[in-house]
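Coordinate inspection notes
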Amino acid sequence: MSENQHSTDVTSADQNTFADPGIPEHQHRRGDVDAAASKRAERQVVVLFAISVIGTIASLVAYFAFRPDGTTSGTRLSTLTLGLGMAFALLGIGLAAVHWAKAIMNDTEVSEERHQLSSPDDVREAAVASLKAGVDDSGIARRGMLKGAALSALALFPLTIAVPLVSSVGGDWNVSKLRHTRWEKGMRLATDPTGRPIKASDVTIGSVFHVIPDVSEKERSSGEWLSEKAKAVVLLIRLDPRDLHEADDRKGWSYDGIVAYSKICTHVGCPVALYEQQTHHLLCPCHQSTFDVADGAKVVFGPAHRPLPQLPITVDDDGYLVAQSDFHEPVGPSYWERLK
Ligand code: FES
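Now for a quick tour of the structure. From a predicted model like this one, the values you see are computed outputs, not experimental measurements. Numbering of residues begins from 1 in every chain and follows the order in which that chain's sequence is written. This being a predicted model, a pLDDT of at least 70 is required before a residue's local features are given, and a value of 80 or more before pairs of side-chain atoms are given or counted; all residues contribute to the totals for chains, interfaces and linings. For the side-chain quantities, the full set of heavy atoms in the structure was used; hydrogens and water were omitted.

Considerations on the packing of helix α3 (residues 35-65) against helix α6 (residues 144-156)
Note the following rule: Lines are fitted to the C-alpha atoms to define the axes, a helix being fitted only along its stretch in contact, and any angle between axes, read from their N-to-C directions, falls within 0 to 180 degrees. Counting from the N terminus, the helices are the DSSP runs of H or I reaching at least four residues and the strands are the DSSP runs of E reaching at least two. The labels follow the angle: roughly parallel below 35 degrees, roughly antiparallel above 145, roughly perpendicular from 65 to 115, and oblique for the rest. The hand of a helix crossing depends on one turn: near helix anticlockwise from the far one by less than a right angle means left-handed, and clockwise means right-handed. A contact between two residues is defined here by any heavy atoms of the two lying within 4.5 Å. Note that Gly is not counted as nonpolar here; it falls among the polar residues with everything else outside the nonpolar set of Ala, Val, Leu, Ile, Met, Phe, Trp, Tyr, Cys and Pro and the charged set of Asp, Glu, Lys and Arg.
At a minimum axis distance of 9 Å, the contact between α3 and α6 shows a crossing angle of 25°. Taken together, the axis directions place α3 and α6 in an arrangement best described as roughly parallel. Here α3 and α6 pass one another in a crossing that is left-handed. Where α3 approaches α6, its residues E42, V45, V46, F49, S52, V53 and T56 are matched on the opposing element by M145, L146, A149, A150, S152, A153 and L156. Looking at the contact of α3 with α6 residue by residue, the classes come out as ten nonpolar, three polar and one charged.

Let's talk about the packing of aromatic side chains
Stated formally: Here a pair means two rings of Phe, Tyr or Trp (six-membered ring of Trp) with centres within 6.5 Å. Their orientation is stacked below 30 degrees between planes, edge-to-face above 60, and tilted elsewhere. Note on geometry: a ring has a charge over it if NZ (lysine) or CZ (arginine) is within 6 Å of the ring centre and within 35 degrees of the ring normal.
Taken as a whole and assessed by the stated rule, the structure comprises two aromatic pairs. Seen in terms of ring centroids, F49 and W100 are 6.2 Å apart; in terms of plane orientation they differ by 90°. Their pairing is edge-to-face. Separated by 51 residues along the polypeptide, F49 in helix α3 and W100 in helix α4 (residues 72-103) bring together distant segments of the chain. On the basis of an interplanar angle of 80° and a centroid distance of 5.0 Å, the ring pair of Y63 and F64 is categorised as edge-to-face. Lying across the ring of Y63, R67 places its NZ or CZ 4.5 Å from the centre.

Re a nonpolar patch on the surface
Rules: Note that patches include only residues with greater than 30% relative accessible area and no salt bridge, and the join distances are 9 Å for like charges and 5 Å for nonpolar side chains (Val, Leu, Ile, Met, Phe, Trp, Tyr). Areas reported here follow the Shrake-Rupley algorithm with a probe of radius 1.4 Å; residue values treat only the protein chains shown as occluding. Definition used for salt bridges: Asp or Glu carboxyl oxygen within 4 Å of a side-chain nitrogen of Lys or Arg. The rule is simple: take the accessible area with a 1.4 Å probe, protein chains only, and divide by the maximum for that residue type; under 20% is buried, over 50% is exposed, in between is partly exposed.
Together, V47, I51, L80, L84, F88, L91 and L95 line one region of the surface with nonpolar side chains, adding up to about 630 Å² of accessible area. With respect to the helices and strands, the residue F88 is situated in helix α4. Looking at F88, the relative accessible area reads 45%, which means it is partly exposed.

Points about the environment of E42
As for its placement among the helices and strands, E42 is situated in helix α3. When the C-alpha atoms of E42 and R143 are compared, they prove to be 8.7 Å apart, with 101 residues separating the residues in sequence. E42 has contacts with I104, R143 and L146, leaving out every residue within four places of it along the chain.

Here we look at the nonpolar core
The condition is simple: Throughout, nonpolar core names a set of buried Ala, Val, Leu, Ile, Met, Phe, Trp, Tyr and Cys residues whose side chains join them through atoms within 4.5 Å.
Core analysis: the biggest nonpolar cluster contains 24 residues, and W183, V211, L236, L311, I313 and L321 have the highest contact counts within it. Counting residues per element, the ones that place at least two in this core are β2 (208-213), α9 (225-232), β3 (234-238), β4 (258-262) and β10 (321-323). Tallying contributions element by element places β2 first for this core, with three residues. If you look at the next biggest cluster of nonpolar residues, it comprises 18 residues, including I237, C265, V272 and C284.

Some points on the sheet that holds strand β1 (residues 189-191)
The test is simple: Note: two strands are recorded as paired if DSSP finds a minimum of 2 bridges between them.
Pairing is antiparallel across the open sheet formed by four strands, whose spatial order is β1-β2-β3-β4. Edge positions in the sheet fall to β1 and β4, since each of these pairs with one other strand and no more. Recorded for the sheet is a direction-independent mean angle of 45° between the axes of neighbouring strands. Here β1 pairs with β2 via three bridges, running antiparallel. In the strand pairing of β2, A190 is matched with I212.

Notes on the sheet that holds strand β7 (residues 290-292)
The strands that make up a sheet pair up through hydrogen bonds in the backbone, lying either parallel or antiparallel. Strand order in the open sheet formed by four strands is β5-β6-β7-β8, and the pairing between neighbours is antiparallel. Strands at the two margins of the open sheet, each flanked by one partner only, are β5 (274-276) and β8 (298-301). Strand-to-strand, the axes of this sheet are offset by a mean angle of 30°, without reference to chain direction. One ladder, built from three bridges, connects β7 with β8; its direction is antiparallel. For F291, the partnering residue across the bridge sits in β8 and is V299.

So, α4
The line we're drawing: An expected span of 1.5 Å times one less than the residue number is assigned to each helix.
Its 32 residues place the ends of α4 45 Å apart at the C-alpha level, agreeing with the 46 Å of an ideal helix rising 1.5 Å per residue. Listing the buried residues of α4 in full gives G74, S78, T81, L82, G85, A89, G92, I93, A96, W100 and A103.

Observations regarding the state of the cysteines
Filter applied, for reference: In this description, a disulfide is simply a cysteine sulfur pair whose atoms lie within 2.5 Å.
The tally for this structure, following the rule as stated, stands at one disulfide. Residue pairing for C270: its cysteine sulfur links by disulfide to C286, the two sulfurs lying 1.9 Å apart. Taking the torsion about the S-S bond as the criterion, the C270 to C286 disulfide, at about -90°, is left-handed. One end of the pair, C270, is in the loop between β4 and β5; the other, C286, is in the loop between β6 (281-283) and β7, and 16 residues separate them in sequence. On the basis of relative accessible area, C270 is assigned to the buried category, the value being 16%. Residue class for C286 comes out partly exposed when judged on its relative accessible area of 35%.

Quick look at the structure:
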C-alpha cells in the first residue's frame, strides 16, 4: 500500500468512526501536534532501552562477581543479583516497546468490515502493505538513535541467558561424572542435615530417613559438596523382611529389611518424597510416578521408565549402616542412562 493509499484509507475510516455518535471524537496526543513532545517521547524510549542494556551488563557482571561459593548466603546473593539484572534488562525492553507504541507510532483510529476467515490474495497483500506501513510508522528507518538503542538492547539481552549457560557447562562435558556419586565402599550413611551416622538399630519398620554420605567436615564446606550431595542423596526405608522381594542379582543389597534408593526421580529428576507405609509405595510429587520399594523400586504408575537406583548397603563392626559400593547405574532421569 502506498503512502497516499494509506492516508486515503485512514481518512475514510476516520470519517466512518466520527459518523457514529456513540464514539467520542478522537483526541490527538501531544506528540502528534508538538514536535518537541514527539522528540521527548523518543528520548524516553531510548532511556528505557538503555536501562535494558545496563541491566544486561549488570547481570553479566553479577554472574562473574558473585559466584555461588557453596554457602546458602552466597547462592542467594548470586541468584538475587543475576535475577535483578535480568529483570531490568527485560523490563527495559518491555516498557520501551509499550511506550514506543503508545507515544510514537501512528495513533489513527481505523475500523474495518468483518470478512471471511480465509483471506483472498489482495487482502493478504494489503496486510503485508499494512505491516510495511507500521514499520514506517515506527520511524525506525529515520530515527537512527532509536534504532541503535533498540537493536543494542535486543541483541545484548540474550547474553544474560547464554553466557551463564555456556560458562556453567563450558569445559566440563565429562558426562561420566553423572554416572558416579560420592558413595564408595565402607562409607557410612548419615542423616541430612546433621551429618550424624545412622545405626541399623535407629531405623524402625516404616520409618524413612533422608540420607547422605558421611564425608569429612572439610569436604562438607567445599564448593563441590552441594552438587555431590544432590546426586548422592538416598531414602533409607525399613520394611518387614518378609515383604521384601529381592531380585537374584540384588540379594544382599539390603540389611535386615532396610533398603536405600536414590531420592532423584528417574522421570525428570524431582525429589521423590512421599512414602506410603501400607503399600510400600514411594510417590514423586511432580508427575505422580510411583515406585514399589518392596519390589526393587519398580515403577508401578506414572511417566518414569525405570526403577529408582538402589544403593547396596550393609553394616560395619560398630553397627553403623555403610554403603557396599556406589550405585550400579546412573541416578536421575533416564536421559543420562542413554549416554552410557
Ligand atoms: S519427576 Fe518424578 S514423576 Fe516426573
